[in-house]
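# Residue-level structural notes
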Amino acid sequence: MIQTKDSNLTFRPLTIDDAEQYNALLRYAFQVTEQELSESGWKDDEIKQSKFPVLVRADVLGCFCEEDLVSQFAVYPLDMNIYGVRYPVGFVTSVCTYPEYTGQGIMKKADDPESHAHAGKTTRSFALLYPYSIPLYRNLGWEIISNKMTYTIKDTQVPRKLKAPGYVRRVAWDDKDFKELHTKFA
């Protein structure tokens with residue numbers, strides 16, 4: 001555990017015991033409501049349980065004001081094939097801070113080598129982040145390396161005989177229904 005010099009904020013790795021505060025901060029920061037979770041198919045405590053793997057497999061650093069979690073930063077360890085060479089990378093997720101603690105340099109402190117060492121984080125060649133705000137993360141030293149993704153899906157990975165109402169048809173990009181559907185889920 002490390003303590004910042006200018007305040008009573010402390011950093012430490014998060015565990016399953018912190019799951020309730022971890023989930024509460026995620027929901028607040030990303031404005032996820034119970035109604036939205038229910039409408040998208042989540043049942044009861046499934047969303048909380050779905051976050052356990054992050055707390056178990058990822059390096060998750062929390063910033064606390066006394067006993068209250070006020071900010072968090074998670075790095076999932078992954079391997080990436082770059083031109084035939086395998087590199088250890090980190091997928092950054094769950095980055096959020098309550099508004100009353102923003103502007104205090106918490107994320108800069110959470111992402112520095114001293115904090116990584118105290119959190120037991122492994123050094124990675126690269127880190128990947130899918131930001132909601134490019135200017136915000138650019139100010140923190142991140143940069144865009146690509147805006148293109150390619151997925152290869154085998155036909156055996158596509159579910160067969162789905163029993164769902166509706167149909168699939170191709171439409172033009174300017175189709176009114178397509179635009180409304182895209183706007184709803186984008």
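Let me begin by describing the structure that accompanies this report. Fair warning: this is a prediction, and the values are worked out from it, not measured in the lab. (Residues numbered from 1 in each chain as written. Predicted model: local features only at pLDDT ≥ 70, side-chain atom pairs only at ≥ 80, totals over all residues. Heavy atoms only, no water.)

### Details of helix 8 (residues 176–185)
Every α-helix carries 3.6 residues per turn, so stepping three or four residues along brings you back to the same face. The buried fraction of helix 8 amounts to 0 of the 10 residues, a small share that puts the element mostly on the outside. Looking at where helix 8 begins, the residue whose side-chain oxygen comes 3.1 Å from the main-chain nitrogen of Asp177 is Asp175. (Buried < 20%, exposed > 50% of the residue type's maximum accessible area, 1.4 Å probe, protein only. Helix = DSSP H or I, 4+ residues; strand = E, 2+ residues; numbered from the N terminus. Polar contact = N/O pair within 3.5 Å; in protein donor to acceptor, adjacent residues only side chain to side chain.)

### Quick notes on the packing of aromatic side chains
Tallied over the entire structure, the rule returns 2 aromatic pairs. Ring centres of Tyr28 and Tyr98 lie 5.4 Å apart, and the angle between their planes is 55°; on these two criteria the pair is classed as tilted. With Tyr28 in helix 1 (residues 19–29) and Tyr98 in the loop between strand 5 (85–97) and helix 5 (106–110), this residue pair connects regions lying 70 residues apart in the sequence. Ring plane angle 75° and centroid distance 5.5 Å describe the contact between Trp173 and Phe178, whose orientation is recorded as edge-to-face. (Phe/Tyr/Trp six-rings, centres within 6.5 Å; stacked < 30°, edge-to-face > 60°.)

### Looking at the pairing of strand 5
Direction of pairing for strand 4 (residues 68–82) relative to strand 5: antiparallel, over a ladder of 11 bridges. Directly across from Tyr76, in strand 5, lies its bridge partner Phe91. Hairpin connection, strand 4 to strand 5: the antiparallel pair is bridged by 2 residues, and Tyr83 has positive phi, about 50°. The sheet contact formed by strand 5 and strand 6 (residues 126–128) spans 3 bridges and is parallel. Directly across from Phe91, in strand 6, lies its bridge partner Leu128. (Pairing = 2+ DSSP bridges.)

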